[in-house]
Amino acid sequence: MSWTCHGSNNASMVAALKRAGIVRSSAVEEAMTAVDRGRFVPQGQAPYQDAPQPLGFGATISAPHMHAMCLELLAEHIRPGARVLDVGSGSGYLTLVFAHMAGREPGARVVGVEHIRELVDSSLEASRGVAWAADMLRDDCLRLLQGDGTAGYPEWAPFDVIHVGAAAACVPPALLAQLAPGGRLVVPVGPEGGPQHLTLVDKDEGGRVSARREMGVMYVPLTSEEAQRGKAALMAAWSRGAAPATDQDGSPRENATR
Ligand code: SAH
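About the criteria used
Residues numbered from 1 in each chain as written. Predicted model: local features only at pLDDT ≥ 70, side-chain atom pairs only at ≥ 80, totals over all residues. Heavy atoms only, no water. Helix = DSSP H or I, 4+ residues; strand = E, 2+ residues; numbered from the N terminus. Contact = heavy atoms within 4.5 Å. Areas by Shrake-Rupley, 256 points an atom, 1.4 Å probe, with all protein chains shown as cover. Lys, Arg positive; Asp, Glu negative; His and termini not counted. Charge placed at Lys NZ, Arg CZ, Asp CG, Glu CD. Phe/Tyr/Trp six-rings, centres within 6.5 Å; stacked < 30°, edge-to-face > 60°. Buried < 20%, exposed > 50% of the residue type's maximum accessible area, 1.4 Å probe, protein only. Lys NZ or Arg CZ within 6 Å of the ring centre and 35° of its normal. Core = buried A, V, L, I, M, F, W, Y, C linked by side-chain atoms within 4.5 Å. Near = heavy atom within 4 Å. Polar contact = N/O pair within 3.5 Å; in protein donor to acceptor, adjacent residues only side chain to side chain. Nonpolar A, V, L, I, M, F, W, Y, C, P; charged D, E, K, R; others polar. Salt bridge = Lys/Arg side-chain N within 4 Å of Asp/Glu carboxyl O. Axes fitted to C-alpha atoms, helices over the stretch in contact; angles between N-to-C directions. Parallel < 35°, antiparallel > 145°, perpendicular 65-115°, else oblique. Left-handed = near helix turned anticlockwise from the far one by under 90°.

**Regarding the overall build of the protein**
No. 1: In terms of helices and strands, the protein carries eight helices and nine strands.
No. 2: The dimensions of the protein, computed from C-alpha atoms along their principal axes, are 55 × 40 × 35 Å.
No. 3: Sequence-distant contacts in the protein: of pairs separated by 6 or more residues, those separated by 24 or more amount to 60%.
No. 4: On the protein, roughly 11200 Å² of surface is accessible, and the fraction owed to carbon and sulfur atoms is 52%.
No. 5: Averaged over its 23 positive side-chain charges, the protein has a centre that lies 2 Å from the centre of its 28 negative ones.

What follows is the structure, given as structure tokens:
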């Protein structure tokens with residue numbers, strides 16, 4: 001299905017996702033149309049291909065179909081004025097789509113937490129080039145911050161929606177604690193390299209938690225900054241043909257393939 005959802009520009013990419021039945025709601029269609037993925041993918045790559053693209057530092061921007069699937073799983077919870085936390089915000093693309101959905105209604109708070117400073121800086125630069133996002137950043141209802149996402153973001157908790165863009169060994173307890181009653185959390189769970197499952201966690205109004213597995217996925221790991229930078233440096237050396245003798249897994253890891 002999804003591998004044919006390529007576009008030659010943002011509009012045709014969204015149209016292809018809609019034809020494939022992956023984009024289903026007008027809320028997701030409008031928000032994906034409002035945020036040009038091309039701004040968030042490094043120069044020289046193919047932003048509108050339905051594939052993950054490397055961002056450097058061991059990070060990837062997820063494939064459009066994966067973003068769309070996560071957005072549809074969360075759409076009903078991202079009403080105008082919602083509080084949204086995006087852990088591992090990477091390129092900043094998905095955080096901006098969330099921000100467009102939550103809008104500038106009173107109470108809206110959208111925050112992306114990413115541990116690689118260079119990615120935070122480029123996500124901020126790209127976002128400032130989008131007029132409404134620049135306004136939200138200025139009004140302080142949108143933040144793109146450096147930090148360890150496993151700790152969540154207590155300052156703006158509780159959140160109606162929490163999205164985790166990297167695979168965790170288990171649902172991070174701090175994130176569960178920061179999920180509002182009635183809220184929804186989406187997180188890929190499983191070891192690096194798989195098997196991983198996109199896991200949907202709902203907290204009801206009484207605070208009871210239920211979880212279900214949505215689908216098999218392949219994401220980069222939710223890890224420490226040090227481990228991620230170390231592995232990225234090793235892979236860069238390996239691709240230059242200068243890898244030290246090691247039995248570490250040097251295979252490229254792509255986020256968000258199914
Ligand atoms: N949703 C992002 C996904 C980026 S890939 C996008 O589509 O652009 C996953 C991201 O998680 C990477 O940028 C990686 O640096 C980040 N990450 C991994 N572990 C993290 C942690 N503990 N805290 C914050 N960010 C983390």
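The structure having been displayed, the exposition proceeds.
**Section: unusual backbone geometry**
No. 1: A cis geometry characterises the amide bond from Ala-157 onward to Pro-158, with omega recorded as 0°.
No. 2: Mapped onto the elements of the fold, Pro-158 is located in the loop between strand E5 (142-146) and strand E6 (159-164).
No. 3: In the Ramachandran plot, Phe-57 falls in the positive-phi region, its phi being about 60° despite a non-glycine side chain.
No. 4: Topologically, Phe-57 is positioned in the loop between strand E1 (53-56) and strand E2 (59-61).

**Considerations on the packing of aromatic side chains**
No. 1: The tally for this structure, following the rule as stated, stands at two aromatic pairs.
No. 2: Residues Phe-40 and Tyr-93 carry aromatic rings whose centres are separated by 6.0 Å and whose planes lie at 70° to one another, so their mutual orientation is edge-to-face. You can see Phe-40 sitting in the loop between helix H2 (26-34) and E1 and its partner Tyr-93 sitting in helix H4 (residues 93-102), a full 53 residues away along the chain.
No. 3: A centroid spacing of 5.9 Å and a plane angle of 85° characterise the contact between Tyr-153 and Trp-156, whose relative ring orientation is edge-to-face.
No. 4: For Tyr-153, a relative accessible area of 12% corresponds to the buried category.
No. 5: Positioned over the ring face of Trp-156 is Arg-109, at 5.4 Å from the centre of the ring.

**Some points on the nonpolar core**
No. 1: Ranked by size, the top nonpolar core spans 58 residues in total, and within it Met-32, Ile-78 and Leu-198 carry the most contacts.
No. 2: No other element matches H4, which puts eight residues into this core.
No. 3: Core analysis: the next-biggest nonpolar cluster, separate from the first, contains 16 residues, Leu-85, Trp-156, Ala-168 and Val-187 among them.

**Some thoughts on the site of the ligand**
No. 1: By nearness alone, 25 residues border the ligand, and Ser-91, Glu-114, Gly-149, Thr-223 and Gln-228 come closest of all.
No. 2: Between the ligand and Asp-148 there is a distance of 3.0 Å, counted from a nitrogen atom to a side-chain nitrogen or oxygen.
No. 3: Protein contact buries 100% of the 580 Å² of open area that the ligand shows by itself.
No. 4: Elements supplying a minimum of two residues to the shell around the ligand: E2 and strand E4 (109-114).
No. 5: No other element matches E2, which puts three residues into the shell around the ligand.
No. 6: Across the shell around the ligand, the residue classes break down as nine nonpolar, 14 polar and two charged.

**A word on the pattern of salt bridges**
Proximity of charged atoms lets side chains of opposite charge pair with each other.
No. 1: Applying the stated criterion across every chain yields a total of twelve salt bridges.
No. 2: Of the charged contacts in the structure, one is a salt bridge between Glu-29 and Lys-18, with a shortest N-O distance of 3.1 Å. Residue Glu-29 is found in helix H2, and its partner Lys-18 is found in helix H1 (residues 10-19); the two are separated by eleven residues along the sequence.
No. 3: Residue Lys-18 is classed as partly exposed on the basis of its relative accessible area, which comes to 43%.
No. 4: The salt bridge involving Glu-214 is made with Arg-212; its shortest N-O contact spans 2.7 Å.

**A few points about the packing of H2 against H4**
No. 1: Taken N-terminus to C-terminus, the directions of H2 and H4 make an angle of 125°; their axes are 9 Å apart at the nearest point. When the interaxial angle is binned, H2 and H4 end up oblique. As for the relative orientation of H2 and H4, their crossing is right-handed in sense. In contact with Ala-27, Val-28, Glu-30, Ala-31, Met-32 and Ala-34 of H2, H4 contributes Tyr-93, Val-97, His-100 and Met-101.
No. 2: In terms of residue class, the contact of H2 with H4 is made up of eight nonpolar, one polar and one charged.

**A few points about the packing of helix H3 (residues 64-74) against H4**
No. 1: Interaxial distance between H3 and H4 falls to 12 Å at its minimum, and their mutual angle equals 30°. Once H3 is placed against H4, the crossing between them reads as right-handed. Contacts between H3 and H4 pair His-67, Leu-71 and Leu-74 from the former with Tyr-93, Leu-94, Val-97, Phe-98 and Met-101 from the latter.
No. 2: A class-by-class count of the residues in the contact of H3 with H4 yields seven nonpolar, one polar and no charged.

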